[in-house]
Amino acid sequence: MDSTDTNALKMDFISSEALKESSSMEKISMIVDKVKEGDLLVIEGGLTPSEEAELIETTMREIDIENFVGIDIYTLEKDKSSFFGLSKKKTIGITIIGPANVMKAVKKKQNFLSMIANLGDSGASLH
Amino acid sequence: MPKFFKRNFLRNFFNKLIGKDKKLKIGLYGHPNSGKTTLANTMTNDWLGKPIGLISEIPHETRRVYRQEHVKIEHDDVELDFDIVDTPGIATKIDYKNFLEFGLSEQEAKERAKEATKGIIEAIKWLDDVTGVLLVVDATQDPLTQANITIMGNLEARKIPFVIVANKIDLPEASADRITSVFPQHTVVPISALHGENTGDLYQAMVKKFN
């Protein structure tokens, strides 16, 4: 995000195709770099459990107390039927990751995610 | 639980675990302030007669992994040896300003925040080393958080058995049902670690899951 414009929120939408070839380490460093700059990422699909753990670990190493206080992650799941349609399994539809101090309030319900972003002194609402 | 029954119950519990070659290392995981150390203390008090760590209302009080090694229980000439690992609470963010509410100075709050980040890294590393987990969830809070989901996802992926402990059921706003309804596929045991309420059920669930 442009550091001169503190009232703007940059949102990046990343398709699963774009991440298909990336290693876990590449994905995590891309996420952490962007979030540290104040960006909000909307990723198609989700991370694996071990990638999530790795992301938290990397975030903890990057927290500098003053400027970067960590991340918030939210996922929106969808039902996925098996081959014969006999059983349903939850899969992650989209993942939203952003700086913890920007993602002010998030309401999560089934099939619905609502977020209020806190932008400097102005505040903005995203639904 | 009356003492006599408690003794009998614990004997049954230990007997069920006897004869297993594997070394049990039970990790306590969950959010900051969900009651992990209180539960660890209740367990070690029940089994060893002494507490494991310090309890406080300030989040991230447990900033390092506390490990009570060789919890040795002798009963009727049989001996059981296992470890309890009390981990710092896992979170995705640490803001030192939250500690100011608890009367810490800015400097102390910043120090604590730095230590808390290291504690979380340590807790995640320990996931590679535990053989069973008690996921402690504060029953007064929304259980569907990213930290809980991440811990469970990792346990499932690593095939580590776990029991969800719905703690703080002594509080009027607690709802163990909410936890059961969002995690219907897992074992959820409602307890009050502080008052030792329902811990018998928890020990029973542990025998079932960790054996």
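Residues numbered from 1 in each chain as written. Chains lettered and ligands numbered in written order. Predicted model: local features only at pLDDT ≥ 70, side-chain atom pairs only at ≥ 80, totals over all residues.

### Focus on the overall build of chain A
- Helices and strands together make up the secondary structure of chain A, namely three helices and seven strands.
- For chain A, the succession of helices and strands along the chain, N to C, is β-α-α-β-α-β-β-β-β-β.
- Relative to its 127 residues, chain A shows a buried fraction of 21%.
- Considering only contacts within chain A whose residues lie at least 6 apart along the sequence, 57% involve residues at least 24 apart. (Helix = DSSP H or I, 4+ residues; strand = E, 2+ residues; numbered from the N terminus. Buried ≥ 20, exposed ≤ 12 C-beta atoms within 10 Å, placed from the backbone. Contact = placed C-beta atoms within 7 Å.)

### Things to note about the overall build of chain B
- Helix and strand counts for chain B come out as seven helices and six strands.
- Counted from the first residue to the last, chain B has its helices and strands arranged as α-β-α-β-β-α-α-β-α-β-α-β-α.
- Taking all 211 residues of chain B together, the buried fraction comes to 40%.
- Within chain B, contacts between residues separated by at least 24 positions form 70% of all contacts whose residues are at least 6 apart in sequence.

### Points about the confidence of the model for chain B
- Taken over all residues, the pLDDT of chain B has a mean of 84, while the share at 70 or more is 83%.
- In the predicted complex, the global pTM is 0.83; the interface-specific ipTM is 0.82. (pLDDT = per-residue confidence, 0-100.)

### What about the interface of chain B and chain A?
- Counting residues at the interface gives 20 residues for chain B, matched by 19 residues for chain A.
- With seven residues, the single largest contributor to the side of chain B that touches chain A is helix α4 (residues 106–126) of chain B.

### Examining helix α7 (residues 199–210) of chain B
All names here are of chain B.
- Look at α7: 16 Å from first C-alpha to last across 12 residues, which is about the 16 Å you get at 1.5 Å a residue.
- Burial in α7 covers these residues: T199, L202, Y203, M206 and F210. On an axial view of α7, the arc spanned by its buried residues comes to 100°, and they lie on one face. Seen from the buried face of α7, the exposed residues on the opposite side, beyond 90 degrees, are D201 and K208. (Expected span 1.5 Å × (residues − 1). Arc of directions from axis to C-beta.)

### A closer look at the packing of helix α3 (residues 49–62) of chain A against helix α5 (residues 146–157) of chain B
- Packing of α3(A) against α5(B) brings their axes to within 8 Å, and their N-to-C directions diverge by 130°. Taken together, α3(A) and α5(B) sit at an angle that is classed as oblique. The chirality of how α3(A) crosses α5(B) is left-handed. Residues A:P49, A:S50, A:E52, A:A53 and A:I56 of α3(A) pack against B:T150, B:G153, B:N154 and B:A157 of α5(B).
- Here the residues of the contact of α3(A) with α5(B) sort into four nonpolar, four polar and one charged. (Axes fitted to C-alpha atoms, helices over the stretch in contact; angles between N-to-C directions. Parallel < 35°, antiparallel > 145°, perpendicular 65-115°, else oblique. Left-handed = near helix turned anticlockwise from the far one by under 90°. Nonpolar A, V, L, I, M, F, W, Y, C, P; charged D, E, K, R; others polar.)

### Concerning the nonpolar core
Residue and element names in this part refer to chain B.
- Counting residues in each nonpolar core, the largest one holds 66 residues, and the members touching the most others are I90, L134, L135, V165 and A166.
- Here the element with the most residues in this core is α4; it accounts for six residues.
- Leaving out residues up to four positions away in the same chain, L135 has contacts with Y29, G30, N148, I151, M152, F162, I164 and V165. (Core = buried A, V, L, I, M, F, W, Y, C linked by C-beta atoms within 7 Å.)

### Focus on the packing of helix α2 (residues 24–36) of chain A against α3(A)
All names here are of chain A.
- The interhelical angle for the contact between α2 and α3, taken along N-to-C directions, is 45°, at an axis separation of 10 Å. Compared by their axis directions, α2 and α3 come out oblique. Of the two possible hands of crossing, α2 and α3 adopt the one that is right-handed. Of α3, the residues touching α2 (which contributes S24, K27, I28, I31, V32 and K36) are E51, E54, L55, T58, T59 and E62.
- Across the contact of α2 with α3, the residue classes break down as four nonpolar, three polar and five charged.

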